[in-house]
Amino acid sequence: MGSFEIDGKTYETDDDGYLVNLDEWNEDVAKYIAGIESVELTEAHWEVVNFLRNYYQEYNIAPAIKILIKEMKKMFGPEKGNSAYLYDLYPAGPALQACKIAGLPKPTGCV
Amino acid sequence: MADTEATATEEEPKVLTDLEKVGEPSVPRKKPNEIHPDDLVGKISIPKVEEGSAAGNKPYLCKPENMEKLGFPGDLRTDWHDAAIAKMGDLLKKYKSLQVYMDICVKCGSCTDKCHYFLGTRDGKNMPVARAELFRKVYRKYFTTEGKILGKLAGAERFDLDLLGEWYSYFHQCSQCRRCSVFCPYGIDTAEISMAAREIMDHIGVGQKYVNDIIVKVHDVGNNLGMNPKALKATLESTEEDLEEETGQKIRLPLDEVGAEVLMVTPSADFFASPHVESLLGYAKVFHQAGISWTFSTAASEAGNFGMFIGSYGQMQKVASRLTDAIQEIKPKRLIVGECGHAWRIAYSFWNTLIGPFDSLDPNYKRPEHICEYTLDLVNRGAIKLDKSKNDDFVVTMHDSCNVARGARMGDKPGGQFTIPRDLIKASCNRYVEMDEETIMEKTFCCGGGGGLLTDDLLELRVQGAMPRMQAFHKVQESHGVNFLALICAICKAQFTKILPKYGVGMDVAGGVHQLIANAIELGAKE
Ligand code: SF4
Ligand code: SF4
Ligand code: SF4
């Protein structure tokens, strides 16, 4: 377990730095985690984060990679709707970085 | 007053509980970007031993809540020592082989350089015989006359907290791949010893987070990934749309269709991750073109069974029992298993004892069948056609999954687990190259992430353990331009996708056998 503090409020994380309580997430939390991950959040990053959060709220799990890429096609057009662009945005990968910044738990399994 | 307050808030050295002492790595874990493998040289070399160099490798401990959900103690039992010895006694009685392995090792040394974790970490304690010795020391102390009387002189050692810490470390640096057993003149299977060690540790309250959390997820949600029925349905529907867009045909990914001829059981990673999902598309295209009715099932939405990794027969059975429910519900005639290494071992070697006999299934087919034998049979009978040129971008090699290679068979002939996937690959592409024969088939090296070690808290170990395989791959990459590493295991796929870039190889080099099939299969009307 770990934690971090923003403006006097403490946020609990798991051993890998993922937010424990999804409801505590806010943009400052996202920016803070992105900072640790050395990811600079642009408009495109936010769109991915927002999609992940909305999807999680409905399905209680992060979207499958194909669903995420399909959504990116809708958001950014066919040239950017691919995993290369996803890794451009989040070099350590969607599970390790995008989910983390979006406040989602880390997907585990044989993945 | 003010003084005492000031000292109270000062950073005091954290006092670790006994359990934390067992689970705490002796050196801090590196961050992913700090982990760099050695440069690959011409051949796999036997390293100069660096004693204790891997002692810091320890996975996270499982939290009390999930330990208790699995029926294990939430903390290190106060009577852990006696409880561990009693459990060891039970296991020695229950598993005759374990008792034999304790007694017959002659320290010949044949196994020493056969373990990928030893080769990768250089730590002498990762030699299979040394790993087993951690168990044997305790065995001698409490279960042999010489050990009881002579103690250390007879290689016996009291089970204390330090030794337990070593157990936790080194029995989680074994992927239970059984490579060592192939080279042991007595067939001693260190994998079985490490399963027993993990079983004893869970029994006294020392569990590993990654594996135990996943078993809890299977019980609670239905699969390793934690994908609930609603998400599974939505995911399959979305993937069906993709398939239609790609092929122009209505290729289905059916779920819970009662009365389907085939019940398909595959690792949940196939629904979710890349490159796993490419094989899922392959299965769907094969079934579609074969014109057979088939379905996935919500109840059995996971082929994997992590109960094996912790040596727990009870957990293995409980996880496997989900399949019984699925068979009762769907009433299929055939049962086919997707690309998953340890799942196939369990399916082939244990399902019958765990949840068999499968009397309701059609006895004209194997119960269960592996997807590779099913597809190859269709190819051989001309029931589906493959256009090899569709894979002309690839020079392919195959990594045998250890659980398939050394824990199971496939088809009717001995060695079918090697020839069937290879024949299938060769039917789907024009260029196939074999890696060094010392690293394939029954001598295959583990991917480095098997046996419940596919977790980022063991990333450094995973990178190091992949070295022998990467070495062999590197060679055929240089000599033949190999650019596709064909796999039949979800864990291998995840492991390589993550580890290849560390060795300077693109992650998309790793892919499934049915990914090649998905590329090559001719869809549409049959002549
Ligand atoms: S089973 Fe595999 S990982 Fe375990 S000691 Fe033997 S070779 Fe090493
Ligand atoms: S090869 Fe077998 S007998 Fe020889 S040291 Fe290893 S485990 Fe013991
Ligand atoms: S992941 Fe693959 S290679 Fe590694 S232990 Fe499993 S089956 Fe073996």
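Residues numbered from 1 in each chain as written. Chains lettered and ligands numbered in written order. Predicted model: local features only at pLDDT ≥ 70, side-chain atom pairs only at ≥ 80, totals over all residues. Heavy atoms only, no water.

K.L.:
I would appreciate a short explanation of the site of ligand 3 in the present structure.
P.N.:
Residue and element names in this part refer to chain B. Neighbouring ligand 3 are Gly341, His399, Ser401, Cys402, Asn403, Cys446, Cys447, Gly450, Cys489, Ile491 and Cys492. Taken together, the elements giving at least two residues each to the shell around ligand 3 come down to helix 20 (402-407) and helix 24 (490-499). Split by residue class, the shell around ligand 3 holds six nonpolar, five polar and no charged. (Near = heavy atom within 4 Å. Helix = DSSP H or I, 4+ residues; strand = E, 2+ residues; numbered from the N terminus. Nonpolar A, V, L, I, M, F, W, Y, C, P; charged D, E, K, R; others polar.)

K.L.:
Explanation requested: the interface of chain A and chain B in the structure shown.
P.N.:
When the parts of a complex come together, some accessible area is lost, and that lost area is often used as the size of the interface. With 23 residues of chain A at the interface, the matching set in chain B holds 35 residues. In this assembly, chain A packs against chain B so that about 2400 Å² is buried in total across both faces, 62% of it on carbon and sulfur atoms. Counting across the interface, chain A meets chain B through six salt bridges. Of the charged contacts in the structure, one is a salt bridge between Asp15 of chain A and Lys63 of chain B, with a shortest N-O distance of 3.3 Å. Remark: the boundary between chain A and chain B carries 13 residue pairs in polar contact (both at pLDDT 80 or more). Counting only elements with at least two residues in the side of chain A that touches chain B, the list comes to helix 2 (43-59) and helix 3 (65-76) of chain A. In terms of residues, the side of chain A that touches chain B owes the most to one element, helix 3 of chain A, which gives four residues. The residue inventory of the side of chain A that touches chain B, partitioned by class, reads 14 nonpolar, three polar and six charged. (Contact = heavy atoms within 4.5 Å. Buried area = accessible area lost by both parts, 1.4 Å probe. Salt bridge = Lys/Arg side-chain N within 4 Å of Asp/Glu carboxyl O. Polar contact = N/O pair within 3.5 Å; in protein donor to acceptor, adjacent residues only side chain to side chain.)

K.L.:
When you look at the pattern of salt bridges in this model, what are you seeing that I'm missing?
P.N.:
When the charged atoms of two side chains lie near each other, side chains of opposite charge can form a pair. Residues and elements named next belong to chain A. Inspection of the entire model under this criterion finds 41 salt bridges over all chains. Two residues, Glu71 and Lys74, come together in a salt bridge whose shortest N-O distance is 3.6 Å. Placement of both Glu71 and Lys74 in helix 3 is noted, with a separation of three residues, approximately one turn of the helix. Look at Lys74 and you get exposed, because its relative accessible area is 64%. (Buried < 20%, exposed > 50% of the residue type's maximum accessible area, 1.4 Å probe, protein only.)

K.L.:
What is the right way to read the site of ligand 1 from this model?
P.N.:
Around ligand 1, the surrounding shell holds 13 residues, and the nearest of these are Cys115, Cys174, Cys177, Arg178 and Cys180 of chain B. Grouping the amino acids of the shell around ligand 1 by side-chain chemistry returns seven nonpolar, four polar and two charged.

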